[in-house]
Amino acid sequence: MTGFHLVTDLDGTWLPAPGQAAHLRRLEAAVAAAPGAVLTFATGRTFASAQEAMDRWGLCPPHHLICDVGTGLFHRLPSGDWVEDVAWAGRVAGAWDAEAAGQVARGLPPGLEAQPGVRPLRRLALQVQAGCDLAEAEAALRDACRSHGLAADLLPSHGLYLDVLPPGVHKGSALAFLQASLGLPRPVVGCGDSANDLTLFEVSDHPVLMRDGLGDHEAPPWLLRRAHRTQVPGPGGIHRALIAFGLLEEDGHGH
Ligand SMILES: [Mg+2]
């Protein structure tokens with residue numbers, strides 16, 4: 001085995017629900033012991049929020065961290081410190097009109113607000129207020145971006161959140177950049193559960209859709225054709241998928 005690149009979303013995917021912590025510990029140990037395996041987290045969380053999650057769940061730290069839905073890319077140094085990828089940061093910043101984004105943020109359409117306590121990186125992290133319709137809010141936001149001259153992609157997720165992203169920047173493009181710039185091993189296994197993982201699935205050799213993630217009526221047909229749907233929820237399902245792909249050995253714990 002020459003290794004593989006495991007790229008995983010955090011919430012609803014890698015982070016254990018109650019009762020799943022032991023499954024995560026076994027999965028972390030198996031990945032750490034697999035020759036040449038590279039681990040990357042790809043999350044909609046900010047860098048600070050991802051660090052907080054890693055501390056709270058005592059996660060084995062990954063080699064790389066894609067945060068802010070792809071607008072941030074960080075590498076972990078041997079010292080344990082994190083350093084931002086300046087080439088990716090420059091590319092994203094070049095596609096992001098921060099001044100126009102600020103104007104949009106100061107005059108949000110009715111029904112939309114900034115996600116409280118979130119300091120996003122080169123994007124706007126918005127949410128729909130209670131009782132308001134996500135599709136209507138998205139249409140109004142699209143108009144607002146147009147009127148301020150902000151070129152952006154809008155990404156709705158979980159029926160609640162709306163991310164405003166630099167055009168072409170998402171988890172998938174950040175992963176493609178990371179993969180190519182560092183020459184990371186293939187296959188790429190991409191694990192996720194929601195709409196902001198679709199681009200991650202697109203650039204993965206083995207897309208892994210969590211059992212309790214996007215339903216069959218929400219996932220696009222190409223994904224349903226290509227994806228491995230986990231049979232058990234949480235990290236245990238990812239572990240079984242990696243065994244099914246021949247990337248990890250059976251661990252003797254009932255997998
Ligand atoms: Mg998720």
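Since this is a predicted model, take the numbers as computed values, not measurements.

Caption draft 1: Region of the structure containing the overall build of the protein chain. The number of helices and strands found in the protein chain is 10 helices and 12 strands. With the C-alpha coordinates aligned to their principal axes, the bounding extent of the protein chain is approximately 60 × 40 × 35 Å. Every one of the 255 residues in the protein chain was classed for burial, and the buried ones make up 51%. By sequence separation, contacts in the protein chain at least 24 residues apart represent 57% of the contacts at least 6 residues apart. Of the accessible surface of the protein chain, which amounts to about 11,300 Å², a share of 55% is contributed by carbon and sulfur atoms. Taken as two groups, the 19 positive and 28 negative side-chain charges of the protein chain have centres that lie 2 Å from each other.

Caption draft 2: Representation of the coordination of the magnesium ion within the structure. Every protein donor of the magnesium ion is listed here as Asp9 (OD), Asp11 (O) and Asp193 (OD), and their distances to the metal cover 2.1 to 2.2 Å. Donor residues for the magnesium ion sit on one chain with the sequence pattern D-x1-D-x181-D. Note on Asp11: relative accessible area 34%, which makes it partly exposed.

Caption draft 3: The packing of aromatic side chains, seen in detail. Per the counting criterion, the structure on display carries 4 aromatic pairs. Between Phe47 and Trp82, the ring centres sit 6.4 Å apart and the planes meet at 80°, which makes this aromatic pair edge-to-face. With a gap of 35 residues between them, Phe47 in helix 3 (residues 47–56) and Trp82 in strand 5 (residues 82–84) connect regions that are remote in the sequence. The structure contains a cluster of three or more aromatic residues connected by ring pairs, namely Phe47, Phe74 and Trp82.

Caption draft 4: Summary view of the side chain of Gln179. Relative to the assigned elements, Gln179 resides in helix 7 (residues 171–182). A polar side-chain atom of Gln179 sits 2.8 Å from the main-chain carbonyl oxygen of Leu184. Once residues lying within four places of it in the same chain are set aside, the contact partners of Gln179 are His5, Leu184, Pro185, Arg186 and Val188.

Caption draft 5: View of the environment of Ser49. Position of Ser49 among the secondary structure elements: in helix 3. Residue Ser49 is classed as partly exposed on the basis of its relative accessible area, which comes to 22%. Taking the C-alpha atoms as reference, Ser49 lies 17 Å from His63; in sequence the two are 14 residues apart. Polar contacts involving the side chain of Ser49 include one to the side chain of Arg45, which spans 3.0 Å.

Caption draft 6: Fine view of the domain arrangement of the protein chain. For the protein chain, the domain assignment lists domain 1 (4–91 + 169–244) and domain 2 (97–165). Domain 1 and domain 2 are separated by 25 Å when their C-alpha centres are compared. Domain 1 puts 15 residues into the contact, and the matching count from domain 2 is 13 residues. Of the roughly 980 Å² buried where domain 1 meets domain 2, counting both sides, 54% is carbon and sulfur surface. For domain 1, the biggest contributors to the area lost against domain 2 are Asp68, Val69 and Thr71; these three give 39% of the whole. Counting across the interface, domain 1 meets domain 2 through 2 salt bridges. For Arg122, the salt bridge goes to Glu84, with nearest N and O atoms at 2.5 Å. Inspection of the domain 1/domain 2 interface yields 6 residue pairs in polar contact (both at pLDDT 80 or more). Its residues assigned to classes, the side of domain 1 that touches domain 2 comprises 5 nonpolar, 6 polar and 4 charged.

Rules behind the numbers
Residues numbered from 1 in each chain as written. Predicted model: local features only at pLDDT ≥ 70, side-chain atom pairs only at ≥ 80, totals over all residues. Heavy atoms only, no water. Helix = DSSP H or I, 4+ residues; strand = E, 2+ residues; numbered from the N terminus. Buried < 20%, exposed > 50% of the residue type's maximum accessible area, 1.4 Å probe, protein only. Contact = heavy atoms within 4.5 Å. Areas by Shrake-Rupley, 256 points an atom, 1.4 Å probe, with all protein chains shown as cover. Lys, Arg positive; Asp, Glu negative; His and termini not counted. Charge placed at Lys NZ, Arg CZ, Asp CG, Glu CD. Donors = N, O, S within 2.8 Å, 3.2 Å for Na, K, Ca; no water. Phe/Tyr/Trp six-rings, centres within 6.5 Å; stacked < 30°, edge-to-face > 60°. Polar contact = N/O pair within 3.5 Å; in protein donor to acceptor, adjacent residues only side chain to side chain. Domains from an automatic or database assignment. Buried area = accessible area lost by both parts, 1.4 Å probe. Salt bridge = Lys/Arg side-chain N within 4 Å of Asp/Glu carboxyl O. Nonpolar A, V, L, I, M, F, W, Y, C, P; charged D, E, K, R; others polar.

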